[in-house]
Structure formats: C-alpha cells, structure tokens
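In case you want the letters, here they are:
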Amino acid sequence: GTVLTYGIDIFIGEPGLWGQGIGSRTVTAMTRYLINERGAGMVTIDPMVTNARAVRTYEKAGFSKVRVLSAHEMHKGERHDSWLMVTMR
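Residues numbered from 1 in each chain as written. Predicted model: local features only at pLDDT ≥ 70, side-chain atom pairs only at ≥ 80, totals over all residues. Heavy atoms only, no water.

1. Structural notes on the overall build of the protein
Phase 1 of the analysis: Each helix and strand in the protein was counted, giving two helices and four strands.
Phase 2 of the analysis: Helices (α) and strands (β) of the protein occur, in sequence order from the N terminus, as β-α-β-α-β-β.
Phase 3 of the analysis: A globule of 89 residues ought to have a C-alpha radius of gyration of about 12 Å, and the protein, at 13 Å, matches this closely.
Phase 4 of the analysis: Along the longest, intermediate and shortest principal axes, the C-alpha atoms of the protein span 40 × 30 × 15 Å.
Phase 5 of the analysis: Counting all 89 residues of the protein, 29% fall into the buried class. (Helix = DSSP H or I, 4+ residues; strand = E, 2+ residues; numbered from the N terminus. Rg over C-alpha atoms; globule rule 2.2 N^0.38 Å. Buried < 20%, exposed > 50% of the residue type's maximum accessible area, 1.4 Å probe, protein only.)

2. Thoughts on the pairing of strand 3 (residues 64–75)
Phase 1 of the analysis: Judged from the eight bridges that link them, strand 3 and strand 4 (residues 78–88) form a sheet pairing that is antiparallel. Among the inter-strand pairings, leucine 69 is bridged to a residue of strand 4, identified as serine 82.
Phase 2 of the analysis: Counted between consecutive antiparallel strands, the loop separating strand 3 from strand 4 contains two residues, among which lysine 76 sits at a positive phi close to 55°. (Pairing = 2+ DSSP bridges.)

3. Quick look at the nonpolar core
Phase 1 of the analysis: Residues Ile8, Val27, Val43, Ile45, Tyr58, Phe63 and Met85 are the most contacted members of the largest nonpolar core, which totals 14 residues.
Phase 2 of the analysis: Secondary structure elements with two or more residues in this core: helix 1 (22–36), strand 2 (42–45), helix 2 (52–60) and strand 4. (Core = buried A, V, L, I, M, F, W, Y, C linked by side-chain atoms within 4.5 Å.)

4. Description of the environment of glutamate 14
Phase 1 of the analysis: Of note, glutamate 14 is situated in the loop between strand 1 (5–7) and helix 1.
Phase 2 of the analysis: Between the C-alpha atom of glutamate 14 and that of alanine 52, which follows or precedes it by 38 residues, the distance is 17 Å.

5. Points about the packing of aromatic side chains
Phase 1 of the analysis: Throughout the structure, instances matching the rule amount to one aromatic pair.
Phase 2 of the analysis: Aromatic pair tyrosine 58 and phenylalanine 63: ring centres 6.4 Å apart, planes at 65°, arrangement edge-to-face. The burial state of tyrosine 58 is the same as that of phenylalanine 63; both residues are buried. (Phe/Tyr/Trp six-rings, centres within 6.5 Å; stacked < 30°, edge-to-face > 60°.)

6. A short note on the pairing of strand 4
Phase 1 of the analysis: By the bridge criterion, four bridges tie strand 2 to strand 4 in an arrangement that is antiparallel. By the bridge assignment for strand 4, methionine 42 is matched with methionine 88.

7. A closer look at helix 2
Phase 1 of the analysis: Restricting attention to buried positions, one finds in helix 2 the residues Ala54, Val55, Thr57 and Tyr58. In a view along the axis of helix 2, the buried residues occupy a sector of 160°, so they form one face of it.
Phase 2 of the analysis: Those residues of helix 2 that are buried are in contact with helix 1, strand 2, strand 3 and strand 4.
Phase 3 of the analysis: Of the residues trailing helix 2, glycine 62 is marked for its positive phi of about 100°. (Arc of directions from axis to C-beta. Contact = heavy atoms within 4.5 Å.)

Written out as structure tokens, the structure reads:
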C-alpha cells in the first residue's frame, strides 16, 4: 500500500542560536507530530552533504541516511549534493 510521507526542512538563521539543541528538539517534535497526529509512515529531510552539524542533528532525531542526491540543492549560486534522510513509524 501507499505510505503517507512528509518532507520537512528547518532553518535557524541566527548563528548565536546554533548548538543549543533547538534544531534537535524542533525536528523531533515535528516528526512525532507527523507520525502520531497526521499518520505519517515516513518523514524525509535533505541536508547538504557538507552540513555535518545538520546531519548529526537529524541522526539524533532518528533519521538515517538513505542515499546522496547529486546536485540537489542550489546554494550561493552553486549546486550541492544532499543526503536523503528518512525516519519511519
């Protein structure tokens, strides 16, 4: 059957707020909401491969790397590879 899937993204634009667990708590809360309240069977997120901080955050929130999406994201005028990361019910 069909698996209800949601994709999420998060951006914390103020560097002074980085490293305080805000991303981990937000991603965890949103993922729980989508699974428990909206019936999601899968939630995806796609950080740039070079964004190690984001990848660690998403792994802490229960996401796993699936595969690299080549030239997936445009950032500062250049295409960058992203990880397809998923968590499932």
